[in-house]
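Residues per chain, in single letters:
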Amino acid sequence: MINVRGQLTRYSEGSLRELWTISYPLILSMLSVNIMIFIDRLILAKYNTGAMNAAVVSGLIFNIFQCGTVGIASISEVFVGQYNGANKYEKMGEPVWQMIWFSVMTAALFVPLGLFAGPLLIRNPDYAADGISFFLKS
């Protein structure tokens, strides 16, 4: 909630309490994602270590492409923040729409990649059967 003075929290601007108040939900969400991945791998390891290895390999291949495009799309936040700080509110929509279009256009890359590139990217025959099915479900 933003108050009249433009502060994000009830604490003084730039203080550790303000930083903690803003970052705490982000820390919890990243923690929950990592706990989910850890538990997923524990379950797969208990089921079959080959399935766990295949999931790890295909998950890393998937993340190479996903993290790069998410990083590019996230850059728009920097421009939005700069325009907001400079009181150029009419220009804030430009980087947002550019990244929305970028995200939509990456579907042209990721849909065929997800459907057809599993056998091309997972070369190890020991992991192919389990890894390709995991790659298609991600």
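How each quantity is defined
Residues numbered from 1 in each chain as written. Predicted model: local features only at pLDDT ≥ 70, side-chain atom pairs only at ≥ 80, totals over all residues. Heavy atoms only, no water. Patch = residues over 30% accessible without salt bridge, like charges linked within 9 Å, V, L, I, M, F, W, Y side chains within 5 Å. Areas by Shrake-Rupley, 256 points an atom, 1.4 Å probe, with all protein chains shown as cover. Salt bridge = Lys/Arg side-chain N within 4 Å of Asp/Glu carboxyl O. Helix = DSSP H or I, 4+ residues; strand = E, 2+ residues; numbered from the N terminus. Buried < 20%, exposed > 50% of the residue type's maximum accessible area, 1.4 Å probe, protein only. Axes fitted to C-alpha atoms, helices over the stretch in contact; angles between N-to-C directions. Parallel < 35°, antiparallel > 145°, perpendicular 65-115°, else oblique. Contact = heavy atoms within 4.5 Å. Nonpolar A, V, L, I, M, F, W, Y, C, P; charged D, E, K, R; others polar.

## Let's talk about a nonpolar patch on the surface
The grouping of Trp-20, Tyr-24, Ile-27, Leu-28, Leu-31, Ile-35, Phe-38, Ile-39, Leu-42 and Ile-43 at the surface amounts to a nonpolar patch, some 1000 Å² of accessible area in total. Looking at the secondary structure, you find Ile-39 in helix α1 (residues 16-47). For Ile-39, a relative accessible area of 42% corresponds to the partly exposed category.

## Considerations on the packing of helix α2 (residues 49-74) against helix α3 (residues 76-85)
Where α2 contacts α3, the two axes come as close as 5 Å, and the packing angle between them is 10 degrees. Taken as axis vectors, α2 and α3 run roughly parallel relative to one another. Two secondary-structure elements touch here, α2 through Ile-72, Ala-73 and Ser-74 and α3 through Ser-76, Glu-77 and Val-78. Here the residues of the contact of α2 with α3 sort into 3 nonpolar, 2 polar and 1 charged.

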